[in-house]
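Examining the three-dimensional arrangement
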Amino acid sequence: MARTGTGAAGGNRVKGARRPEVRLPPLEPWSDGALEPDGDYDGVEIRGADLAGQDGAGARFMDCALTDCAFDETGLRHARVLDSVLTGARGVGTDLAEATLRDVELVDARLGGTQLHGSVLERVVIRGGKIDYLNLRTARLRDVVFESCVLVEPDFGNANLERVEFVDCTLKGADFRGATLKDVDLRGAASLEITSGVERLSGAVISMTQLLDLAPVLAAQLGIRVQD
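Given the structure is predicted, the values throughout are model-derived calculations rather than measurements.

The rules behind these values
- Residues numbered from 1 in each chain as written.
- Predicted model: local features only at pLDDT ≥ 70, side-chain atom pairs only at ≥ 80, totals over all residues.
- Heavy atoms only, no water.
- Helix = DSSP H or I, 4+ residues; strand = E, 2+ residues; numbered from the N terminus.
- Buried < 20%, exposed > 50% of the residue type's maximum accessible area, 1.4 Å probe, protein only.
- Contact = heavy atoms within 4.5 Å.
- Phe/Tyr/Trp six-rings, centres within 6.5 Å; stacked < 30°, edge-to-face > 60°.
- Pairing = 2+ DSSP bridges.
- pLDDT = per-residue confidence, 0-100.
- Salt bridge = Lys/Arg side-chain N within 4 Å of Asp/Glu carboxyl O.

1. Concerning the environment of G157
The topology assignment puts G157 in the loop between β15 (150–152) and β16 (160–167). For G157, a relative accessible area of 0% corresponds to the buried category. Separated by 41 residues in the primary sequence, G157 and L116 have C-alpha atoms spaced 12 Å apart. G157 has contacts with L136, R137, T138, D175 and R177, leaving out every residue within four places of it along the chain.

If you want it as structure tokens, here you go:
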């Protein structure tokens, strides 16, 4: 199930993101100790596990809760994470390239260099925490909400963003080069810093204050010299 967000810009409505409403069933504790490639994890709780360096490529996580787990260099390429909640995830270099995340809540993550290029995110909420150097190049994001989190140098290069909201979050050094945006609401961002791809913001809505903050970048992109 999903809950639809709301947004508006003047008389033109901005289609809000549909948020996931994850309702987990009673879970079984997971005690296997190691992930397996193409593993099938259904209705399990993985708590406090050190998954660093493990290979779970192609694995499927369905109706799962992953809490306070370490994901340093964890291989999850092509993984599918469905109807699940990840809380307190931490690690550097997690490989989720070409993965699918659908109806997922990622809460209070502390991640760096996470690889999500070529991935598909649908009805995903990323709430709280800090993610450095998030690689979302060529990814497809639909109904995604970034809420109360800090994103340092996120890379949305050549990504497709539809119904994506930034709510009370901080974007530092965002790269939108080649990205395609539709119904992307940036007005709620507490701080908005775009270093590349500002010309790709067609399809996004920003506030007047944000427009003024982005004026130097827009002027540089258009080749306008500003002099007193």
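2. Some remarks on the packing of aromatic side chains
Taken as a whole and judged by the stated rule, the model has six aromatic pairs. A ring pair is formed by F146 and F166, whose centres lie 5.0 Å apart and whose planes are at 10°; its orientation type is stacked. With F146 in strand β14 (residues 140–147) and F166 in strand β16, this residue pair connects regions lying 20 residues apart in the sequence. Comparing F146 with F166, the two get one shared label, buried. Summarising the aromatic geometry, the rings of F156 and F166 are spaced 6.3 Å apart at their centres and angled 85° between planes, so their arrangement reads as edge-to-face. Residue F156 is located in the loop between β15 and β16, and its partner F166 is located in strand β16; the two are separated by ten residues in the primary sequence. Each member of the pair, F156 as well as F166, is classed as buried. What links up through ring pairs into an aromatic cluster is the set F146, F156, F166 and F176.

3. Brief notes about the pairing of strand β12 (residues 100–112)
Most of β12 sits inside the fold, with ten of its 13 residues counted as buried. Across seven bridges, strand β10 (residues 80–87) lies against β12 in parallel orientation. Pairing of L86 across the sheet is with L106, part of β12. Two strands pair when backbone bridges link them, and strand β11 (residues 90–92) and β12 are joined in this way by three bridges, in the parallel orientation.

4. Thoughts on the environment of A190
Of note, A190 is situated in the loop between β18 (180–185) and β19 (191–196). The exposure class assigned to A190 is exposed, which follows from its relative accessible area of 56%. Residues within four places of A190 in sequence aside, it is in contact with D168, C169 and T170.

5. Side note on the confidence of the model for the protein
The predicted coordinates should not be examined in detail at positions where pLDDT is low. Residues of the protein with pLDDT of at least 70 account for 95%, and the chain-wide mean is 92. Within the model, the stretch residues 6–11 combines pLDDT values under 50 with eleven contacts to residues more than four positions away or in other chains.

6. Section: the pattern of salt bridges
Tallying each qualifying case throughout the model produces 17 salt bridges. A salt bridge links D95 to R77, with the nearest nitrogen and oxygen atoms 3.4 Å apart. Here D95, found in the loop between β11 and β12, pairs with R77, found in the loop between β9 (65–67) and β10; they are 18 residues apart in sequence, far enough to count as distant. Among the ionic pairs, R123 bridges to D103, the shortest N-O distance being 2.7 Å. Of this pair, R123 sits in strand β13 (residues 120–132) while D103 is found in strand β12, placing the two residues 20 residues apart along the sequence. Grouping residues by exposure puts R123 and D103 together as buried. Linked by salt bridges that have partners in common, R18, D143, E162 and R163 make up one network.

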